[in-house]
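Structural description and commentary
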Amino acid sequence: MRHIRVRAAVLGGGLAGTLTAAALAEHADEVVVVERDVLPDGPHPRKGLPQAVHGHVLWSAGARAMERLLPGVTGRWLASGAHRLPLPAGILNHTPFGWRRRWRTEPASHYYLSMSRDLLDWGVREALRAGPHAGRVRVLCGAEPVRLLGGPDRVRGVTVRHGDGATGDIPADLVVDATGRSALGVRLLEALGAGPVPVSEVDAGVVYATRDHVAPAGHEAFPVVVVQGDPAAGVPGRMATFIPIEGGVWRIVVSGTRGAQPSRDAELFEAFARRAAHPFVAELIRAATPAGEVHTSRSTGNRRYHYERVRGLPDGFLALGDALAAYNPCYGHGMSAAAMGAVALNRFYHGRGLADRGAARRAQRAVVRRSVTTPWTLATQQDMFYPGARGTRPTRADRVVSAYVRRVMATACGCATADRALTGVIALDKPLSVFFAPSVLWHALRGPAAPRLPEPDLSPGERRLLAGRDACSSGEAECA
């Protein structure tokens, strides 16, 4: 390696790693991204990202964070067919308390972007290449980290193994683990003599099954649909999710907790969706044409590594994204949390040096505060209550908090004020403390002002789609 005055090494070239490189490129002379795979030159599948075939949505807080790091990235996605849908008008959400209203008269300050993971990652990579600091970022593909340089007091770089088996050292003032759920950094730290790293886990045993469908003409941008399970029901949860992506494709995901898990059997896919709390997603399946096989995933447990609690954590090292905290994908917060963590990292190092004594430890705490607290609470405060959930068990305080959040959710089904608060927190635009604002407390105590909706709040065009499908089902010959 040639001499570089200030260098950062990022372990992992996926979404979190690319965003981390963008965040650090303002503060380093060079950022070296170490990636095991060969990254595709386009919105195509990547070997090390099998979960890309499943549904992904990017909440507005995550989209804004990525846009801050990589100006113009949102335009790249939209130009390639991604959908930008306002909240709450762009979502049909069945909760344990009925359907949420879409409150179309409210200003849409919150939104989400829906697209394939392949398109999302490609857009981020392209925006980084086109950015003002692109010359400072070097991506080393076909290489994997094998050890950290330095000692228990300070990490000073990383040794990597190339595809031909040769190894080489990358001296660095800061090393960031962005290797995803593998959390390679935990093992590398222990080999250096640091750690152990405390870990918290909540695993409801969720299994996902996903299948793409060709959308009916004119309905490519149908709203996202989420049919939730009920952790308090005392039975395994069955969920169904509908996400429009680019290319006129509907990506449909069914999922179930331990004891009610879906399979890869295509013949059972629609039947599983029909057994969710409401059969609406199953009706959408009947309105579309299946395209491709069913894919499943079991890597869904919530896992958080508490680097901030490690005694004697060596300076010059931190983790971000799933390597820091990974969430049940059901809640769609992983990508947004990674982006918000990268922005927190970028902001922290303004006016500081990457090699400043103690800076990495303080930066890690800043990343945790900004990107972990809310999504971790939202995910675990539901998953830990499902039958058969493993890991951290709910305390009395957890039960009190969960009961109050459920009250806010129930109120939001018939109260615009509570719904705005709920939407802001779920979109990660607002902190959890919003739930305890006086106006929200008042409405939660009073309860929903409008009656429960037994059926989804559909627009006339959405009703016509389902009505047309029902007509065809009762007279296939005539419709043909």
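Below you will find a few notes about this structure. Bear in mind that the values here come from a model prediction, so they are computed numbers and not experimental data. (Residues numbered from 1 in each chain as written. Predicted model: local features only at pLDDT ≥ 70, side-chain atom pairs only at ≥ 80, totals over all residues. Heavy atoms only, no water.)

Let us now look at the sheet that holds strand β4 (residues 83-87). Hydrogen bonds along the backbone pair up the strands of a sheet, which may run parallel or antiparallel. Taking strand neighbours across the sheet as the criterion, the 3 strands line up as β3-β7-β4 in an open arrangement whose pairing is antiparallel. Strand pairing shows two members of the sheet lacking a second neighbour, β3 (57-59) and β4, which therefore form its edges. Recorded for the sheet is a direction-independent mean angle of 25° between the axes of neighbouring strands. (Pairing = 2+ DSSP bridges. Helix = DSSP H or I, 4+ residues; strand = E, 2+ residues; numbered from the N terminus. Axes fitted to C-alpha atoms, helices over the stretch in contact; angles between N-to-C directions.)

One can describe the packing of helix α2 (residues 60-69) onto helix α8 (residues 334-348) by two numbers: an axis separation of 8 Å at closest approach and a directional angle of 40°. What the angle tells us is that α2 and α8 run oblique. Crossing of α2 against α8: the hand is left-handed. Two secondary-structure elements touch here, α2 through A61, G62, A65, M66, R68 and L69 and α8 through M335, S336, A339, M340, A342, V343, N346 and R347. Of the residues in the contact of α2 with α8, the class split is 9 nonpolar, 3 polar and 2 charged. (Parallel < 35°, antiparallel > 145°, perpendicular 65-115°, else oblique. Left-handed = near helix turned anticlockwise from the far one by under 90°. Contact = heavy atoms within 4.5 Å. Nonpolar A, V, L, I, M, F, W, Y, C, P; charged D, E, K, R; others polar.)

What follows concerns the environment of A194. Residue placement: A194 occurs in the loop between α5 (184-192) and β13 (199-203). Taking C-alpha positions, A194 is 43 Å from A82, a pair spaced 112 residues apart along the chain.

Let's shift gears to the nonpolar core. One finds V31, M66, W77, Y307 and Y349 to be the most contacted residues of the largest nonpolar core, which totals 91 residues. With near-sequence residues (within four places) excluded, M66 lies in contact with L15, L19, L58, V73, W77, L120, V124, M335 and A339. Counting 28 residues, the second-largest nonpolar core is a separate cluster that includes A209, L453, L458 and L466. (Core = buried A, V, L, I, M, F, W, Y, C linked by side-chain atoms within 4.5 Å. Buried < 20%, exposed > 50% of the residue type's maximum accessible area, 1.4 Å probe, protein only.)

Because each turn of an α-helix spans 3.6 residues, side chains separated by three or four positions in sequence point in the same direction. For helix α1 (residues 15-24), the tally of buried residues reaches 10 of 10 residues, placing the bulk of the element in the interior. Taken together, the buried positions of α1 are occupied by L15, A16, G17, T18, L19, T20, A21, A22, A23 and L24.

Let's shift gears to the packing of helix α11 (residues 396-412) against helix α12 (residues 416-426). Interhelical geometry of α11 versus α12 gives an angle of 125° and a closest axis separation of 7 Å. As far as their axial angle goes, α12 and α11 are oblique. Seen along the crossing, α11 lies across α12 with a hand that is left-handed. Here V408, M409, T411 and A412 of α11 lie close against α12, whose contacting residues are A418, D419 and L422. Considering only residue class, the contact of α11 with α12 consists of 5 nonpolar, 1 polar and 1 charged.

In this section: the pairing of strand β16 (residues 238-245). With 7 of 8 residues buried, β16 lies mostly within the body of the structure. Pairing of strand β15 (residues 224-227) with β16 involves 3 bridges; the strand directions are antiparallel. By the bridge assignment for β16, V227 is matched with A240. In this structure, β16 lies alongside strand β17 (residues 249-256), joined through 8 bridges in antiparallel fashion. Its bridge partner being in β17, M239 is matched across the sheet by S255. Hairpin connection, β16 to β17: the antiparallel pair is bridged by 3 residues, and G247 has positive phi, about 80°.

So, about the packing of aromatic side chains. For the structure shown, the criterion picks out 11 aromatic pairs. Note on W99 and F280: the rings are 5.8 Å apart at their centroids and 80° apart in plane angle, and the pair reads as edge-to-face. Linking W99 in strand β6 (residues 98-99) with F280 in helix α7 (residues 280-287), this pair joins segments that are 181 residues apart in sequence. W99 sits in the buried class, given a relative accessible area of 1%. Taking the centre distance of 4.6 Å and the plane angle of 75° together, the rings of F242 and W250 count as edge-to-face. Each member of the pair, F242 as well as W250, carries the same accessibility label: buried. (Phe/Tyr/Trp six-rings, centres within 6.5 Å; stacked < 30°, edge-to-face > 60°.)

This part is about the sheet that holds strand β22 (residues 390-391). Taken in spatial order, the 4 strands make up an open sheet running β21-β19-β13-β22, and their pairing is antiparallel. Both outer strands of the open sheet, β21 (325-326) and β22, are each paired with one neighbouring strand and no more.

Of the consecutive residues L87 and P88, the connecting peptide bond is found in the cis state with omega at 5°. Relative to the elements of secondary structure, P88 occurs in the loop between β4 and β5 (91-95). Positive phi outside glycine occurs at A183, with the angle close to 45°. Its location among the elements puts A183 in the loop between β12 (174-177) and α5. Its identity is not glycine, yet L428 carries a phi of approximately 65°, on the positive side.

So, about the pairing of strand β7 (residues 110-114). Among the 5 residues that make up β7, 5 are buried, leaving the element largely enclosed by the rest of the structure. Residues H110, Y112 and S114 of β7 are buried on one face, and the alternating residues Y111 and L113, pointing to the opposite face, are buried as well. The pairing of β3 with β7 spans 3 bridges and is antiparallel. Along β7, the bridge assignment pairs L58 with L113. Bridge count between β4 and β7: 5 bridges; the pairing is antiparallel. If you follow R84 over to β7, its bridge partner there is L113.

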